[in-house]
Amino acid sequence: MRCACLIVALVVSPFALAGAQDTTHYTHADTLRGSNGPGRAWWDVQFYDLHTSVNPADSTIGGWNAITYRVLQPGKEMQIDLQVPLQVDSIVQERKKLTSRRDGNAFFVTLKAQQKAGATGTITVWYHGKPRVGRRLPWDGGFTFPKDSLGRQWLATANQGLGASVWWPNKHYLRDEPDSQRIAITVPDSLIDVSNGRLRKTTKNADGTTTYEWFVVSPINNYDVTINAAHYAHLSDTLAGETGKLSLDFWPLDYHADTARREFQRQVPSMLRCFEHWFGPYPWYADGYKLVETPHLGMEHQSAVAYGNHFLNGYLGRDLSYTGLGLQWDFIIVHESAHEWWGNSLSAQDHADMWLHESFANYAEGIYTECMMGKMAGAAYMIGARRGVRNDRPIVPVFGVNAQGSGDMYPKGGNMLHTIRAIIDDDAKWRDILRGLQKAFYHQTVTGKQVQDYISREAGIDLSKVFAQYLTTIKIPVFEYRVQGSTLSYRWSNVVPGFDMPVRVNIPGLGTRQLKPTEAWQTLEASPKASELSVDENFYVTAAATP
Ligand SMILES: [Zn+2]
């Protein structure tokens, strides 16, 4: 997702200095939205059967979503989310209209009867209205109804953060994904809709519209569900991947077909091979891999990655690593596709853990650079990206209110992972850990702690203080040292209590040493020239000589 935040991060939150645990500015609506409340906890989404018609002439939408659920514990009142200004027309279960009360963007629906644990049921929510039009997708999200450069209609959705209930009714809670979903989108005949998964059916309707029925056979984050409709061309290819034949489908605007064929085929197969090597098999063989040209920059829409980087290398032609290396490849293809592993297959249960999506996607940029240009280049990319770190507020904010942490979840979080690789200092083991995470948490929602614990366990090193340092504080560790006669003294400062990260230091006269500093001074016999020591720059720390 959301390379988007690289720019959002430049907007300093008014709460930036309030500290990670300050919840005073969160509202009742934030809690309804971000927590597993009583209207949500008792049921598990099995299937969304979404049918939405879009009328670009007046920017309205309408349709229904049939929500199939399994009852985890007895319950009767169900929370369904749909954001204003959209209206619910009716909610129906077994042909009977249900009553509901609206609380802002949440509807509390009273079901026909108390639901019994283990049972399954379906309710259908009919809705319509003018959805929120984003001023600037993907950052300011919602719908967009622009024209292409030939003046023809184009439309798209992007709603990460804001959430899927900005255009369709659902259980708007990251932890609960459906096992599969139909996305049937009706648009004027002149347009082709490209949504997630595979196209099962196209139906031409009598009223000058066409319905495109897409189907995702895997669990999907609801913010990944998307509509993209335009005058598209369709290019197809396949990749002989780790677990078989993977379909590649590209949907550029018709007049970009030649450019898209060249650029996508130049970059996509090499990228997928690189990511499969490092992260394991592409997670959605059944749903395929797709790139869809969009009027906005990009978004990790699962099995329908949104692409709007104008067929340029870099991030809209810029290099976010300031090294020149980022201009060797297309940032949006690489970053957004990395989310198919990090964010879409392994997904955060709470927005506060979005580093699981963005830190790993940022790190994947370095991995792709490494695949293309060697290990030194990959490291240089990651180190260069530190220039984008703001240290304005922690990466992990409060849980349960849909809060998001600092945009540092991209370059700083990526550098935390790069640093952990340097600590482990065993590339085969590091690769096993990355692939192991993907295997252990395949198609699952997880907590940050589960991922941290997995890495520590597999590395055989307790990294809890390292995670705490980089994720929950804005402090970069300082390797403090001084040389007196032939004694080198060193310690960590500016760190969380108990910080004990090993670090590699090149000490003139002694060579490269792995030291295990703590907050207490330690000493080492060395020559006076030790004052010219240097810390391995793969570790994201600073070094300071003290008198
Ligand atoms: Zn992203």
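Our subject is the structure that appears above.
Residues numbered from 1 in each chain as written. Predicted model: local features only at pLDDT ≥ 70, side-chain atom pairs only at ≥ 80, totals over all residues. Heavy atoms only, no water.

A. Structural view of unusual backbone geometry. The omega angle of the peptide bond from Val 84 to Pro 85 is 10°, so this bond is cis rather than trans. With respect to the helices, strands and loops of the structure, Pro 85 is situated in the loop between β3 (75–81) and β4 (87–93). Positive phi outside glycine occurs at Asn 402, with the angle close to 60°. The backbone phi angle of His 443 is positive, close to 55°, even though this residue is not glycine. Relative to the helices and strands, His 443 resides in the loop between α8 (427–440) and β22 (444–446). (Helix = DSSP H or I, 4+ residues; strand = E, 2+ residues; numbered from the N terminus.)

B. Just the sheet that holds strand β24 (residues 487–493), in detail. Judged by pairing direction, the sheet is mixed, and its four strands sit side by side in the order β27-β24-β23-β29 without closing on themselves. The outermost strands of the open sheet, each flanked by one partner alone, are β27 (522–525) and β29 (542–545). Each neighbouring strand pair of the sheet contributes to a mean axis angle of 25°, computed without reference to strand direction. As judged from the four bridges shared by strand β23 (residues 478–484) and β29, these two strands associate in the parallel manner. Among the inter-strand pairings, Tyr 481 is bridged to a residue of β29, identified as Ala 545. (Pairing = 2+ DSSP bridges. Axes fitted to C-alpha atoms, helices over the stretch in contact; angles between N-to-C directions.)

C. Summary view of helix α6 (residues 375–385). For α6, the tally of buried residues reaches eight of eleven residues, placing the bulk of the element in the interior. Regarding α6, the residues found buried are Ala 377, Gly 378, Ala 379, Tyr 381, Met 382, Ile 383, Gly 384 and Ala 385. In this fold, the buried residues of α6 make contact with α4 (331–338), α5 (355–373) and α7 (411–424). (Buried < 20%, exposed > 50% of the residue type's maximum accessible area, 1.4 Å probe, protein only. Contact = heavy atoms within 4.5 Å.)

D. Representation of the state of the cysteines within the structure. Summed over all chains, the structure comprises one disulfide. Disulfide pairing is shown between Cys 274 and Cys 371; the S-S distance is 2.1 Å. Disulfide Cys 274 to Cys 371: torsion about the S-S bond roughly 75°, handedness right-handed. With Cys 274 in helix α3 (residues 257–279) and Cys 371 in helix α5, this pair connects stretches of sequence that are 97 residues apart. With relative accessibility at 4%, the residue Cys 274 sits in the buried group. (Disulfide = S-S within 2.5 Å.)

E. Looking closely at the sheet that holds strand β11 (residues 180–188). Pairing in this open sheet of eight strands is mixed, and the strands run β5-β4-β8-β2-β1-β11-β14-β13 from one edge to the other. Each edge of the open sheet is held by one strand with a lone partner, namely β5 (96–97) and β13 (198–204). Examined bridge by bridge, β11 and strand β14 (residues 209–216) share eight bridges and lie antiparallel to one another. Pairing of Ala 184 across the sheet is with Glu 213, part of β14.

Distances and angles like these do not, on their own, reveal function.
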